[in-house]
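Given next are the chains, with one letter for each unit.
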Amino acid sequence: MALDHAILVSLLEKPGSGYELARRFERSIGYFWTATHQQIYRVLGRMVADGLLLVREVEQQGRPDKKEYSVAGPGRAALAAWLHKPIEPESLRHDLAVKIRGAAFDDPAALIDEVERHRQAHRDRLAHYLAGELRDFTGPDAPAPQDAGQELQHVVLRGGIAYERMTIAWLDDVLATLHRLEAAGPGA
């Protein structure tokens, strides 16, 4: 997926400034697609020049004016064309999995700290996703679903939650295997 498509989706959900868009990437779209502020601003400029986005100056009290971006007709058409185009199923390119397989030719127990570090990163991401789900979708203070966009945001977030849970379970399995091999000793 190109960054362009993620920007189009986010701006169709709600027009905003480059700063606001970067914050959305940190908070929600960033669950599945990340971009630096510099990348976002560079792509915004190109998309405006290509006629995919509109930009207007918004006056602010006590602050410099800001640029607010929204999707132009050609941008909506480009997103629709991409939505109707088949994409390849994602392949699992996973450096850690290659390291785990390669550990058979060294000391498998040497990977324990690395696998634990990955497991903690996935636990942290899962906690972040669950907190976002509670805040935005399921908690007592969450807004009531208003449209299909919010329902689809939630289903994507649930996919991320399921993925993180699956990854943590797999890493638990990897750790149990590494600890068993460590206990069995060299050459096991």
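In this text, all values refer to a predicted model and were calculated from it rather than measured experimentally.

Thresholds, definitions, all that
Residues numbered from 1 in each chain as written. Predicted model: local features only at pLDDT ≥ 70, side-chain atom pairs only at ≥ 80, totals over all residues. Heavy atoms only, no water. Helix = DSSP H or I, 4+ residues; strand = E, 2+ residues; numbered from the N terminus. Rg over C-alpha atoms; globule rule 2.2 N^0.38 Å. Buried < 20%, exposed > 50% of the residue type's maximum accessible area, 1.4 Å probe, protein only. Contact = heavy atoms within 4.5 Å. Areas by Shrake-Rupley, 256 points an atom, 1.4 Å probe, with all protein chains shown as cover. Lys, Arg positive; Asp, Glu negative; His and termini not counted. Charge placed at Lys NZ, Arg CZ, Asp CG, Glu CD. Salt bridge = Lys/Arg side-chain N within 4 Å of Asp/Glu carboxyl O. Core = buried A, V, L, I, M, F, W, Y, C linked by side-chain atoms within 4.5 Å. Domains from an automatic or database assignment. Buried area = accessible area lost by both parts, 1.4 Å probe. Polar contact = N/O pair within 3.5 Å; in protein donor to acceptor, adjacent residues only side chain to side chain. Nonpolar A, V, L, I, M, F, W, Y, C, P; charged D, E, K, R; others polar. Patch = residues over 30% accessible without salt bridge, like charges linked within 9 Å, V, L, I, M, F, W, Y side chains within 5 Å. Arc of directions from axis to C-beta. Axes fitted to C-alpha atoms, helices over the stretch in contact; angles between N-to-C directions. Parallel < 35°, antiparallel > 145°, perpendicular 65-115°, else oblique. Left-handed = near helix turned anticlockwise from the far one by under 90°.

### A word on the overall build of the protein
Thinking step 1. Secondary structure assignment for the protein yields seven helices and two strands.
Thinking step 2. Counting from the amino terminus, the protein carries its helices and strands in the arrangement α-α-α-β-β-α-α-α-α.
Thinking step 3. Here the C-alpha radius of gyration of the protein, 22 Å, is well above what a compact globule of 188 residues would show, namely 16 Å.
Thinking step 4. Going through the 188 residues of the protein one by one, you find that 31% of them count as buried.
Thinking step 5. In the protein, 57% of the contacts between residues at least 6 apart in sequence involve partners at least 24 apart.
Thinking step 6. A total of about 12600 Å² of accessible surface is found on the protein, and carbon and sulfur atoms cover 55% of it.
Thinking step 7. If you average the places of the 23 positive and of the 27 negative side-chain charges in the protein, the two averages end up 3 Å apart.

### Observations concerning the pattern of salt bridges
A side chain with one charge can pair with a side chain of the opposite charge if their charged atoms come near.
Thinking step 1. Under the defined criterion, the tally for this structure stands at eight salt bridges.
Thinking step 2. The network of salt bridges with common partners includes D4, R46 and D50.

### Regarding the nonpolar core
Thinking step 1. With 18 residues, the main nonpolar core has I7, L11, F25, L44 and L53 as its most contacted residues.
Thinking step 2. Of all the secondary-structure elements, those providing two or more residues to this core are α1 (3-13), α2 (18-27), α3 (37-49) and β2 (66-71).
Thinking step 3. Dropping the residues within four chain positions of it, L53 is found in contact with I7, L8, L11, L44, M47, V48, Y69, S70, V71 and A72.
Thinking step 4. Counting residues in each nonpolar core, the second largest holds 10 residues, with L96, A103, I112 and V174 among its members.

### What about the domain arrangement of the protein?
Thinking step 1. Per the domain assignment, the segments of the protein are domain 1 (1-86) and domain 2 (93-182).
Thinking step 2. For domain 1 versus domain 2, the separation of C-alpha centres amounts to 28 Å.
Thinking step 3. Each partner contributes to the interface: domain 1 provides four residues, whereas domain 2 provides nine residues.
Thinking step 4. Counting the surface lost from both domain 1 and domain 2, the interface buries some 600 Å², and carbon and sulfur atoms represent 51% of this.
Thinking step 5. Our count for the domain 1 to domain 2 interface comes out at one residue pair in polar contact (both at pLDDT 80 or more).
Thinking step 6. Taken together, the residues that form the side of domain 1 that touches domain 2 break down as two nonpolar, no polar and two charged.

### Focus: a nonpolar patch on the surface
Thinking step 1. Judged by side-chain polarity, L152, V155 and V156 come together as a nonpolar surface patch covering roughly 250 Å² of accessible area.
Thinking step 2. For L152, the position within the fold is in helix α7 (residues 148-184).
Thinking step 3. Given a relative accessible area of 53%, L152 falls into the exposed group.

### Quick look at the side chain of K66
Thinking step 1. Inspection of the secondary structure assignment puts K66 in strand β2.
Thinking step 2. One polar contact links K66 to E20, side chain to side chain, over a distance of 2.8 Å.

### A closer look at α2
Quick reminder: α-helices carry 3.6 residues per turn. Residues three or four places apart thus point the same way.
Thinking step 1. Those residues of α2 not exposed but buried are G18, L21, A22, R24 and F25. Buried residues along α2 cover an arc of 155° about the axis, so they all sit on one side.

### Overview of the packing of α2 against α3
Thinking step 1. With their axes 10 Å apart at the nearest point, α2 and α3 run at an angle of 130° to one another. Classified by the angle their axes make, α2 and α3 are oblique. α2 and α3 meet at a crossing whose hand is right-handed. Two secondary-structure elements touch here, α2 through G18, Y19, L21, A22, F25 and E26 and α3 through H37, I40, Y41 and L44.
Thinking step 2. Taken together, the residues of the contact of α2 with α3 break down into seven nonpolar, two polar and one charged.

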